[in-house]
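Spelled out from the first residue to the last, the chains are:
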Amino acid sequence: MYATAHFSYWGLMKPEQYFVGCPRNQSCIVSGESGAGKTVSCGQIMKYLANMSDWARGITRRGSSGNAHEQHAGTKDVTKLVSGVSPFLESFGNANTVMNDNSSRFGKFQKILFNDNGNIVGGEVDHYLLEKGRLSYQGKKERNYHIFYFLIKGKTPEEQKLLNLRPAKEYKMLFGGGIDVILHENHKQKDGTVINTYDIERMNNPLDDDADKTGCRAAVTAANVSLERQADMWKTLAALLKMGDLKFVDGKDGQNTSKVENKDLCDTVSKLLGLDHVSEEEGLARMLCIYRREIKGEKPIDSPVSKTIASFQRFALIKDIYSRMFDELMRVVNRVLEPEDSYCGFIGILDIFGFEVFEYNSMEQLCINFANEKLQKLFNEHIFVEEGKIYKKEHIPDECLPPFRDNTPCCNLIERKNVGIFPMLDDFAGKTSATDEQYARLVYKRYGFKKGKPGKLASTKAEKEAAMYISGKMTDPMWFKITHFAGDVRYHTKDWLKKNEDKLPPQIPELMIESKSKYISDYVY
């Protein structure tokens, strides 16, 4: 790990001397199984680079002796700044899974920016693939995102009076996995009682040099987010929790129409979102139960939707709002890390999801494992394929190149245009009569139930090679198993069509723009 950081630093500062034909910007890819310590390793790499930056200035760090070390004027201690924002990033982007109590459910690419003298002058963080599906579904013994539990346990009396929050286990969004606390944080007292203060502490602890001891509120405040804006954030989160408890029933015209049964709760959600001034005809309760078609030059057409579609549109809105809130938090992070001086290049640190295999694996796990599969393919190409070309050029026998398994067919199985698992899933989008089982059967029709025996639709060499990586059981056609580079994983296709199409109908974003909440109107929509 430290050698990788060392090589990346000198590859950036002296590319001509250090590597032949080396590009100036460098990147470190940190991958591994979920819970293996990837995020901790990223932190260690950043600390090493910070020390190299100090060394380049000729300054000796003496933090271990208790003396404050000199910080060069005009530069930023990016390691400390990134650590400072990590408590609220982890609150919104991490969750308790069966593999890890604090699992990152998003990927991030951190750029450490350097000037020509080798000094760190700032940073940038890009994020991608936030696991939005967790907002509507949690696996057994898993939780939703930390921030919901932090807010419920760490709320102030004033916030409770305003938000009227119930215990986490009473919300559908928060108890899908059957737990509302991180079990490893339970502490048994002398009298036999068990206490768990994790959520309260992670919400309300004061600012500390150790990011693991800093509470979410303190970290957000230190990032110059006003108390007024924080209050609006908590109101929005409370609105999402209550929105998850809305009940949809058949409308008066039968199964193809719907309405909100608990209208009072919907009114509360509207108030928290700053939409209580909107008329009932254009309000949230009705907008969730229709699909509005815009026709140029004509009056929009409102079509009623079934209670199933209405519920789906509700979760699509929850995911959209939460995703936008996370985007805004990332903008806060990048303002904190914004460079104060010009920079000549960067060292990137990619912290990707870990490979996951659970008892029940769904589309989220396939997305995560596919990302790791592509990284392995990149590794193969750089370490083996490109090396092989050099060996051939220098007339080195092929047997001197270590054997490796080419995972291109597995990648093709998942992503190949028109015939891959994901492209076929996209083809089902918008088909109202399509089912998850029909989709799974189409996968089998192309790739077959038995490994290596393609289905009737397989016509190309690539499809027949891909069939070597998939198998299933006729007894339950919604299961299939993929042989990844890291091992076999069984996936179940239940709810894949819903998860793949979380687009909002056009009338809902238009409604959200009308919000009186400054946080939602200025920062979220």
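Just above sits the structure.
So, here's what we can say about the structure. (Residues numbered from 1 in each chain as written. Predicted model: local features only at pLDDT ≥ 70, side-chain atom pairs only at ≥ 80, totals over all residues. Heavy atoms only, no water.)

1. Examining helix α5 (residues 146–154)
Here's step 1: Burial within α5 is extensive, with 8 of its 9 residues counted as buried.
Here's step 2: Along α5, the positions that sit buried rather than exposed are His-146, Ile-147, Phe-148, Tyr-149, Phe-150, Leu-151, Ile-152 and Gly-154. (Buried < 20%, exposed > 50% of the residue type's maximum accessible area, 1.4 Å probe, protein only. Helix = DSSP H or I, 4+ residues; strand = E, 2+ residues; numbered from the N terminus.)

2. Points about the packing of aromatic side chains
Here's step 1: Within this structure, the stated rule accounts for 23 aromatic pairs.
Here's step 2: A centroid spacing of 5.9 Å and a plane angle of 85° characterise the contact between Phe-370 and Phe-422, whose relative ring orientation is edge-to-face. Here the residue Phe-370 occupies a position in helix α13 (residues 363–393), and Phe-422 occupies one in helix α15 (residues 421–428), the gap between them amounting to 52 residues.
Here's step 3: Note on Phe-370: relative accessible area 13%, which makes it buried.
Here's step 4: An aromatic cluster is defined as three or more aromatic residues linked by ring pairs; in this entry it consists of Phe-428, Tyr-439, Phe-480, Tyr-491 and Trp-496.
Here's step 5: Above the ring of Phe-346, the side-chain terminus of Lys-111 is found at 4.8 Å from the ring centroid.
Here's step 6: The ring of Trp-479 carries Arg-490 above its face, with NZ or CZ at 4.1 Å from the centroid. (Phe/Tyr/Trp six-rings, centres within 6.5 Å; stacked < 30°, edge-to-face > 60°. Lys NZ or Arg CZ within 6 Å of the ring centre and 35° of its normal.)

3. Things to note about the nonpolar core
Here's step 1: Ranked by internal contacts, the top residues of the largest apolar core, which has 96 residues, are Phe-88, Phe-92, Ile-147, Phe-148, Trp-234, Leu-317 and Tyr-322.
Here's step 2: With 15 residues, helix α12 (residues 307–337) is the largest single contributor of residues to this core.
Here's step 3: The contact partners of Phe-148, leaving out residues within four places of it in the chain, are Leu-135, Met-173, Leu-174, Leu-237, Leu-241 and Tyr-322.
Here's step 4: Counting residues in hydrophobic clusters, the runner-up holds 28 residues, among them Leu-413, Met-424, Ala-434 and Ala-467. (Core = buried A, V, L, I, M, F, W, Y, C linked by side-chain atoms within 4.5 Å. Contact = heavy atoms within 4.5 Å.)

4. Quick notes on unusual backbone geometry
Here's step 1: Even without being a glycine, Asn-224 presents a positive backbone phi close to 65°.
Here's step 2: Position of Asn-224 relative to the elements: it lies in the loop between α8 (216–222) and α9 (227–243).
Here's step 3: By relative accessible area, which is 70% here, Asn-224 ends up exposed.

5. A short note on a negative patch on the surface
Here's step 1: On the surface, Asp-208, Asp-209, Asp-210 and Asp-212 cluster together to form a negatively charged patch.
Here's step 2: Tracing the chain through its elements places Asp-212 in the loop between α7 (198–204) and α8. (Patch = residues over 30% accessible without salt bridge, like charges linked within 9 Å, V, L, I, M, F, W, Y side chains within 5 Å. Areas by Shrake-Rupley, 256 points an atom, 1.4 Å probe, with all protein chains shown as cover. Salt bridge = Lys/Arg side-chain N within 4 Å of Asp/Glu carboxyl O. Lys, Arg positive; Asp, Glu negative; His and termini not counted. Charge placed at Lys NZ, Arg CZ, Asp CG, Glu CD.)

6. Some thoughts on the sheet that holds strand β4 (residues 107–114)
Here's step 1: Across the sheet, which stays open at both edges, the 4 strands sit in the order β1-β12-β4-β5 with mixed pairing between neighbours. Each edge of the sheet is formed by a strand with only one pairing partner; in this case those strands are β1 (26–30) and β5 (120–128). When strand polarity is set aside, the average angle formed by the axes of neighbouring strands in this sheet is 15°.
Here's step 2: Relative to strand β12 (residues 345–351), β1 runs parallel, the two being bridged by 5 bridges. The residue bridging Gln-26 from the neighbouring strand is Ile-347, located in β12. (Pairing = 2+ DSSP bridges. Axes fitted to C-alpha atoms, helices over the stretch in contact; angles between N-to-C directions.)

Functional significance is not addressed by these values, which are geometric in nature.
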